[in-house]
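Structure assessment
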Amino acid sequence: MHAHNLPTPAEVPASRALSWFREGWRLFLAHPAVWAMMGAATFLVLAIAVWLPLIGRVLAMVVLQVLAGGMVAAAHHSRETGALKINELWDGLRQHAANLAMIGVLQGIALTAAGILTFVTSLVLGLLLDITGLAGFDWITLALSWVADIFVSFVVVMGMLLALWFAPALVMLNRASPFDAMRLSFRAALRNTGASALVGGVLVLGVPLAITLTFGFGIVVVIPLVATTIYASWRDVFANTGAGA
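Residues numbered from 1 in each chain as written. Predicted model: local features only at pLDDT ≥ 70, side-chain atom pairs only at ≥ 80, totals over all residues. Heavy atoms only, no water.

Section: the side chain of T42
Quick note on the threshold: Strands here mean DSSP runs of E at least two residues long; helices mean DSSP runs of H or I at least four residues long; both are numbered from the N terminus. The contact rule is simple, with two residues in contact once any of their heavy atoms fall within 4.5 Å.
Note on placement: T42 falls in helix α2 (residues 32-50). In contact with T42, other than residues within four places in its own chain, are L67, M71, L89 and I223.

Laid out in structure tokens, this is it:
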């Protein structure tokens, strides 16, 4: 899809994030067994990919985006027709594999850049501490290095997450290029800061808790539920808007 045909993200109240979770949960409950199988398959494929030497981490990111695209498209099909099949998980691979894979590659590049930027920041900070004579105070060096590393990593990772949130849906359902999808996702997330922060908070706190309380088995629910929530948010922010981004 050309850039001028892409949808313009709507601005919604922060409270709409709760509606996204409710809609995502409703979609999951319509076909819980199929969604759980999709979640289990996704986890298994990711577990295999991440253990491959050298390319494992980047490959896992690529696989995640491809399968996320399939689940988002499956959520759309389920909502429109009421039907859901396990093989719809692979629709991202069949339809837009290259674009979804590129999003995963860009995600890997962003994480690598975060590591490099953190290292450079530490070097610059060490140099400044030497110049000012504060390097002799170990606790100052440790505290400032820790704060700088956390800040840089947070900025890069949060920016990446904002660029990734709507991206699979935009590729699968709007036929956006990977760069346009990530750009538009970042723009939409910033335009809906309240809803984005609420979703992020729930995921950061709720996902580890759910997985821990279920001794790890909750992952088969968490994975598809995140996908259906992404789809619900896409519908709210993009589906009812016109072109012209």
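From this point, the discussion proceeds with the structure in view.
Considering a nonpolar patch on the surface
What counts, and what does not: Like-charged residues are merged into a patch within 9 Å and nonpolar side chains (Val, Leu, Ile, Met, Phe, Trp, Tyr) within 5 Å, provided each residue has over 30% relative accessible area and no salt bridge. All accessibility values rest on the Shrake-Rupley procedure with a 1.4 Å probe; residue burial counts only the protein chains present in the view. Between Lys or Arg on one side and Asp or Glu on the other, a salt bridge is scored when a side-chain nitrogen of the former is within 4 Å of a carboxyl oxygen of the latter.
On the surface, V58, M102, V105, I109 and F179 cluster together into a nonpolar patch covering about 430 Å² of accessible area. With three residues, the single largest contributor to the nonpolar patch is helix α4 (residues 91-132). With respect to the secondary-structure elements, F179 resides in helix α7 (residues 178-191).

A look at the environment of H31
Rules: Here a polar contact is recorded for every N or O atom pair within 3.5 Å, except that within protein the pair must consist of a potential hydrogen donor and a potential acceptor, and residues adjacent in sequence are included only if both atoms are side-chain atoms.
Checked against the element boundaries, H31 lands in the loop between α1 (16-30) and α2. The spacing of H31 and G82 is 51 residues in sequence and 9.0 Å in space, taken between C-alpha atoms. Within polar-contact distance, the side chain of H31 engages the backbone oxygen of G82 at 2.9 Å.

Topic: the pattern of salt bridges
For the record, the criterion: Exposure classes here rest on a 1.4 Å probe applied to the protein chains alone. A residue is buried below 20% of its type maximum, exposed above 50%, and partly exposed in between.
Applying the stated criterion across every chain, the model contains six salt bridges. The partner of R79 in a salt bridge is E80, and the shortest N-O contact between them spans 3.6 Å. With relative accessibility at 36%, the residue R79 sits in the partly exposed group. Measuring nitrogen to oxygen at the nearest pair gives 3.4 Å for the salt bridge that ties D180 to R183. You can see D180 and its partner R183 sitting in helix α7, three residues apart, about one turn around the helix. For D180, a relative accessible area of 16% translates into the label buried. Through salt bridges with shared partners, one network takes in E23, R26, R79 and E80.

Re the packing of helix α6 (residues 167-174) against helix α9 (residues 219-239)
The following threshold applies: Angular values range over 0 to 180 degrees, each being the angle between N-to-C directions of two axes fitted as lines to C-alpha atoms, with helices fitted over their stretch in contact. Note that the term roughly parallel is reserved for angles under 35 degrees, roughly antiparallel for angles over 145, roughly perpendicular for angles of 65 to 115, and oblique for everything else. What makes a crossing left-handed is the near helix being turned counterclockwise from the far one by less than a right angle; a clockwise turn instead makes it right-handed. Three classes are used: nonpolar for Ala, Val, Leu, Ile, Met, Phe, Trp, Tyr, Cys and Pro, charged for Asp, Glu, Lys and Arg, and polar for all others, with Gly counted as polar.
The N-to-C vectors of α6 and α9 enclose an angle of 70°; their axes lie 10 Å apart at closest approach. If you check the angle between α6 and α9, you find them roughly perpendicular. Relative to α9, the crossing made by α6 is right-handed. Only Y231, W234 and F238 of α9 make contact with α6, whose side of the interface consists of A169, L170, L173 and N174. Of the residues in the contact of α6 with α9, the class split is six nonpolar, one polar and no charged.

Describing the environment of E88
With respect to the helices, strands and loops of the structure, E88 is situated in the loop between α3 (56-81) and α4. For E88, a relative accessible area of 7% translates into the label buried. Taking the C-alpha atoms as reference points, E88 and A74, 14 residues apart in sequence, are found 5.7 Å from one another. If sequence neighbours within four positions are ignored, E88 has contacts with M38, G70, A74, H77, A83 and R94. Within the structure, the side chain of E88 is placed 3.2 Å from the side chain of H77, a separation counted as a polar contact.

Thoughts on the nonpolar core
For clarity, the cut-off: Residues belong to one nonpolar core when they are buried, are Ala, Val, Leu, Ile, Met, Phe, Trp, Tyr or Cys, and are joined through side-chain atoms within 4.5 Å.
Grouped together as the largest cluster of nonpolar side chains are 55 residues, with contacts concentrated most on W20, W35, M38, F166, L170 and F238. Here this core gets ten residues from one element, more than from any other, and that element is α3. Here F166 is in contact with S185, A188, A189, S233, W234, V237 and F238, once residues within four sequence places are set aside.

Function cannot be read off these values alone, since they describe shape.
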